[in-house]
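Breakdown of the fold
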Amino acid sequence: MSKTLDMLENGQSGIITKVSGEGKIRRRLFDMGLTPGAEIYMRKRAPFGDPLEVTLRGYELTLRKDEAKSVELKVEIKGESN
Amino acid sequence: MNRTKTFALAGNPNCGKTTLFNSLTGSTAYVGNWPGVTVEKRSGAYKNKKIGNASIIDLPGIYSLSPYSPEEIISRNYILDEKPDCVINVVDATNLERNLYMTTQILEMDVPVVIALNMMDAVKKNKQTIDAAALSKVLGVPVVEISALKYQGLDQLMEAAIIASTQKRMGVSVLSEGSEALEITRALKIYQDAKIENPLFHGVKALESDEIEALIHPAEVLKVQEGYDKTKGDFEAISADLRYKHIASHYSIYRHGVSIQAKKKMSISDKIDRVLTGKWFGIPIFLLILFLVFHITFAEDLFYMHSLGLETGVFAEGTMWEGLFYNDGIPSIGVLLANFVNSLTGAFSSWIVELLRAGAGENSWIIGFVGDGVLGGLSAVIGFLPQILLLFLFFSILEDSGYMARVAFILDRLFRRFGLSGRAFLPMIMGFGCGVPAMINTRTLTTEKERTQTIRVIPFFPCSAKLVVITAVAGAMSHYMNWGDGGLITFSMYVLGMVSAVAMVLLMHRTSQREKIPPFIMELPSYHLPQAHALVIHLWDKTKHFVKKAFTIILLSTIAIWFLEHFTWNWTYMPLDDENASVDVAKSILASIGMLIQPIFTPLGFGSQLNSNGWVFSVSSIAGMIAKESVTATFGTLSGVDAEANAAQAVFSMIQSTGIGQAGLMAFMAFNILNIPCFASIATAKAELGKGQLKWTLLFWLISSYVIASFVYLAFEWPWTLAIIIPLIVLIFVGAYLYDRWKGKKELVAKGGE
């Protein structure tokens, strides 16, 4: 099923399908490796619930929920069966 | 003919670029600023008799050559315009995928490139291998394995760079291999026909709808974009995707024993991180670290021996170390060092004064001029150096270890409400220690406006020198006048400073410093131990910087104040060191200036309502703009009480001789906290702020301190005036809010009309 990055639960991963958003921020997301096809893993959220910390392309990245909303993902179903 | 070659180091942040720079250039490094922006520019020389010499430029750490931040624009323009003989692209071998992304962009420029594959020692330790020769074949440029930290492979790297710099290299693009090959060829041709240098790089940027490219080559960009088939989707996305795909698809050729997902396993760094940024411990640990930093730098009673009654005498009494300790048990390292420096400068001053006495006679003005004016001013500034440096050291350790990035992560949510990012918190908190390092640390902030706002409110966090003023006044109020509790007064002044800071950021964010909250997309580097070598270099730079300022601007200003204080209008010198001092000083030029401006402070409670001695509060406020130590020092001179030994008593005698009231004193403290902090911080603010911003910032400090202090006076003198003050403040905020909304709507209309 598909969701946006901010909806991903801690410990879940997904494959990026689409990145939308405003020009400059979108370019930044691309530059940091958030391109369609990249696997992304949700590590955790900051103590106040935002920003998020994710792992992709072998490194740790933090971004706000606002920016994460423009990243669409395909999530494996296996986490939902139980 | 044999001119020195210039090599530029380019790479991602945290790739070890600065370590490499330090290892290559040693003590020859010079730190300056890139023209027009406050981004650090490091340059230095590599010297080797066998291989040759070269000058090295350390470009700012960046992720891409797209224009996102000033750093990226600087690096890009440097390579394009200054044409270094070779670009050394530093790549973190433990994080190849993202690091090579920028490599694919650099390779599009017509410049010799050598890849420095850094941190190879860490790769080997993880039992992985990277085949440098195979990687070199894929990229088409030399690849040299190095470890900048362990000085491995540096000479081989420089040798490769020197060889590479003798040959011309044409740009190549990974995009020419895939689906976009035709587009690239077409764009390249357009730029080649226009005879533009670096045609491939510019052509690719034109396809990527790059903003800078559209500005410098509008005609070519239009031509390139016209021919592009938009039904394929936007080139920006395709290009980023192809670059990463290219890197990943060639992995198997040169990388062995690594799986891309290996990082999902818990490393030591991850375990530390789980605690430090955890939901429950993250914030308490941060507060504890902050407390320790300040405690070790500023505490007079490090182990609370005095507070707990364990040590009541002077520690180390009777030994040669006696002078370094207070009667408060063992002080912190910062205080110990400051005492040590002070006793050195003190001994030096008295030695010089003795020499002058012998040479120039007892009553010559030169003794006072050199002893109090020059040496006194310098020792006061240098006396602060140990604590400023210690504060710098601690924050550099936190920065280099990777913890600072986590602090931004933890606090971002809280700060966004005020229009700032989480990174703004540290400079502000550092303001409690000293505004100078705090202002310099705003360099980690992303936008100019965020930096301006932060620099402006840093002085509102009372620094250690302001604390002296607050405790002296609060002490006099509680101890001698019985006007409230000293601790509570001090505390309320801190609260006033912080509340004013928040309020002013809110106001600025809605009016003069309007901007969209900058995005927060940031790498969280792995934790690692900071290197002593880099810390020493960093601190040495700061020391040079600070001492240079102390010897110019601060020295001049203390001399000026000394002259005004010790001379009358008809140029008679007054030594001000006998019992007549308090009478004499009233005849000084300084006093007459003070009397002239005294009425200005009437709304603040220390103007015309005071008696003829009341000018002392105006004078000390003015002196406080040069250095906050001058505030209590002025009281000391005027009262004949040794202000260093008992500042509160000096203030008390001023209260008695001027008739100032409780409300006036509160306003006096408020004014001094919020006003222009000192010459050292003006000089720092000038260097750190954008062009032309200093005058507005000085005005900002003057107006906000004056207005807020008069509110304080009115509210304390006539509490019913709160019925006017509070609605007035609300009105100011509503006005700012409405202005912001109106401006926002106007921008929206302008955007829609395009």
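Predicted model only: the values in this text are computed from it and were never measured. (Residues numbered from 1 in each chain as written. Chains lettered and ligands numbered in written order. Predicted model: local features only at pLDDT ≥ 70, side-chain atom pairs only at ≥ 80, totals over all residues.)

Things to note about the overall build of chain A
Quick reminder of the rule: In DSSP terms, a helix is any run of H or I states spanning at least four residues, a strand is any run of E spanning at least two, and both are numbered starting from the N terminus. Radius of gyration here uses only the C-alpha atoms, and the compact-globule reference equals 2.2 Å multiplied by the residue count raised to the power 0.38. Here exposure depends only on C-beta density: within 10 Å of a residue's C-beta, 20 or more other C-beta atoms make it buried, 12 or fewer make it exposed, and intermediate numbers make it partly exposed, the C-beta atoms being placed from the backbone. We call two residues in contact when their backbone-placed C-beta atoms lie within 7 Å.
Summing up its helical and strand segments, chain A has two helices and six strands in all. Listing each helix as α and each strand as β along chain A from the N terminus yields β-β-α-β-β-β-α-β. For chain A, the C-alpha radius of gyration of 12 Å lies close to 12 Å, the compact-globule estimate for 82 residues. Of all 82 residues assigned to chain A, the portion counted as buried reaches 45%. Long-range pairs, those at least 24 residues apart, make up 57% of the contacts in chain A with a sequence separation of at least 6.

Quick notes on the confidence of the model for chain A
Under the convention used in this document: The pLDDT score gives, residue by residue, the confidence of the prediction method on a 0 to 100 scale.
Across chain A, the average pLDDT comes to 87, with 91% of residues at 70 or higher. Strand β4 (residues 52-56) of chain A holds the highest mean pLDDT among the elements of chain A, 93, whereas strand β1 (residues 2-4) of chain A holds the lowest, 87.

A few points about the sheet that holds strand β4 (residues 54-58) of chain B
All names here are of chain B. Filter applied, for reference: At least two bridges found by DSSP between two strands are what make those strands a pair. Throughout, an axis means a line fitted to C-alpha atoms (over the contacting stretch in the case of helices), and angles, computed between N-to-C directions, take values from 0 to 180 degrees.
In space, the seven strands of this open sheet follow the order β2-β3-β4-β1-β5-β6-β8, with mixed pairing throughout. Strands with a single pairing partner mark the edges of an open sheet, and in this sheet they are β2 (30-33) and β8 (143-145). With strand direction ignored, the average angle separating the axes of adjacent strands in the sheet is 25°. Pairing between strand β1 (residues 5-11) and β4: five bridges, direction parallel. Among the inter-strand pairings, Ala 8 is bridged to a residue of β4, identified as Ile 57.

Section: the interface of chain A and chain B
Listed by partner, the interface residues are 32 residues for chain A and 31 residues for chain B. Ranked by the residues each element gives to the side of chain A that touches chain B, the list is headed by helix α1 (residues 23-31) of chain A, at seven residues. Inspection of the sheet shows strand β5 (residues 59-63) of chain A paired to strand β10 (residues 521-523) of chain B by three bridges, in the antiparallel sense. For Leu 63 of chain A, the partnering residue across the bridge sits in β10 of chain B and is Ile 521 of chain B.

Notes on the sheet that holds strand β2 (residues 13-19) of chain A
Spatially, the seven strands line up as an open sheet ordered β1(A)-β6(A)-β2(A)-β3(A)-β4(A)-β5(A)-β10(B), and their pairing is antiparallel. The two strands at the open ends of the sheet, each matched to only one other strand, are β1 of chain A together with β10 of chain B. Averaged over neighbouring strand pairs, the angle between their axes works out to 40° when direction is ignored. Strand direction decides the pairing type here: β2 of chain A and strand β6 (residues 71-75) of chain A, joined by five bridges, are antiparallel. Paired with Lys 18 of chain A across the two strands is Glu 72 of chain A, which belongs to β6 of chain A.

Focus on helix α28 (residues 647-658) of chain B
All names here are of chain B. Put simply, the test is: Here the expected length of a helix is defined as 1.5 Å per residue gap, with one fewer gap than residues.
Between the first and last C-alpha of α28 there are 17 Å, a value that for 12 residues agrees with the 16 Å anticipated at 1.5 Å per step. Across the 12 residues of α28, nine count as buried, placing the element largely inside the fold. Check the buried side of α28 and you find it contacts α21 (464-480), α26 (615-626) and α27 (629-639).

Brief notes about the pairing of strand β3 (residues 39-45) of chain A
All names here are of chain A. Of the pairings in the sheet, the one linking β2 to β3 comprises three bridges and is antiparallel in character. When the sheet's bridge partners are listed, Gly 14 is paired in β3 with Ile 40. In terms of strand pairing, β3 meets β4 through five bridges, oriented antiparallel. Within β4, the residue paired with Ile 40 across the bridge is Leu 56. Hairpin connection between β3 and β4: a loop of six residues separates the two successive antiparallel strands, and Gly 49 in this loop has a positive phi of roughly 90°.

What to know about unusual backbone geometry
In this chain, Asp 50 of chain A is followed by Pro 51 of chain A through a cis amide linkage whose omega measures -5°. Mapped onto the secondary structure, Pro 51 of chain A falls in the loop between β3 and β4. The phi torsion at Lys 195 of chain B lies on the positive side, around 55°, for a residue other than glycine. On the secondary structure map, Lys 195 of chain B appears in the loop between α7 (181-193) and α8 (199-207).

Some details on the packing of α26 of chain B against α27 of chain B
Residue and element names in this part refer to chain B. The test is simple: Crossing chirality is assigned from the near helix's rotation relative to the far helix, an anticlockwise turn below a right angle marking it left-handed and a clockwise turn marking it right-handed. Three classes are used, and their members are as follows: Ala, Val, Leu, Ile, Met, Phe, Trp, Tyr, Cys and Pro are nonpolar, Asp, Glu, Lys and Arg are charged, and the others, Gly among them, are polar.
Contact geometry for α26 and α27: axes closest at 7 Å, N-to-C directions at 140°. Handedness of the α26/α27 crossing: right-handed. Across the interface between the two elements, Val 616, Val 619, Ser 620, Ala 623, Gly 624 and Ile 626 from α26 touch Ser 630, Val 631, Thr 634, Phe 635 and Leu 638 from α27. Among the residues making up the contact of α26 with α27, the classes are represented as seven nonpolar, four polar and no charged.

As for α21 of chain B
Residue and element names in this part refer to chain B. Helix length check: α21 (17 residues) gives 23 Å between terminal C-alpha atoms against 24 Å at 1.5 Å per residue, within 8%. Buried residues along α21 sit in contact with α22 (486-510), α27, α28 and α29 (662-674). A positive phi of about 60° marks Asn 482, the residue just after α21.

Some details on the nonpolar core
Residue and element names in this part refer to chain B. For clarity, the threshold we go by: Here, a nonpolar core means buried Ala, Val, Leu, Ile, Met, Phe, Trp, Tyr and Cys residues linked by C-beta atoms lying within 7 Å of one another. Start and end points for every domain follow an automatic or database-based domain assignment.
In this structure, Ile 88, Val 114, Ala 116, Val 473, Val 651, Ala 667 and Ala 670 are the most contacted members of the largest nonpolar core, which totals 205 residues. Three or more residues apiece are contributed to this core by two domains, here domain 1 (5-174) and domain 2 (282-458). Setting aside residues up to four positions removed in sequence, Ala 667 forms contacts with Leu 604, Gly 605, Phe 606, Ala 709, Ser 710, Val 712 and Tyr 713.

So, the packing of α8 of chain B against helix α10 (residues 218-226) of chain B
Residues and elements named next belong to chain B. To be explicit about the condition: Should an angle fall under 35 degrees it is called roughly parallel, over 145 degrees roughly antiparallel, and 65 to 115 degrees roughly perpendicular, with every other angle called oblique.
Orientation of α8 relative to α10, taken along the N-to-C sense of each, is 60°, at an axis distance of 9 Å. Considering their axes alone, α8 and α10 lie oblique with respect to each other. Here the hand of the crossing between α8 and α10 comes out right-handed. Each of Gly 203, Ala 206 and Leu 207 in α8 lies in contact with α10, whose residues at this interface are Glu 220, Val 221, Val 224 and Gln 225.

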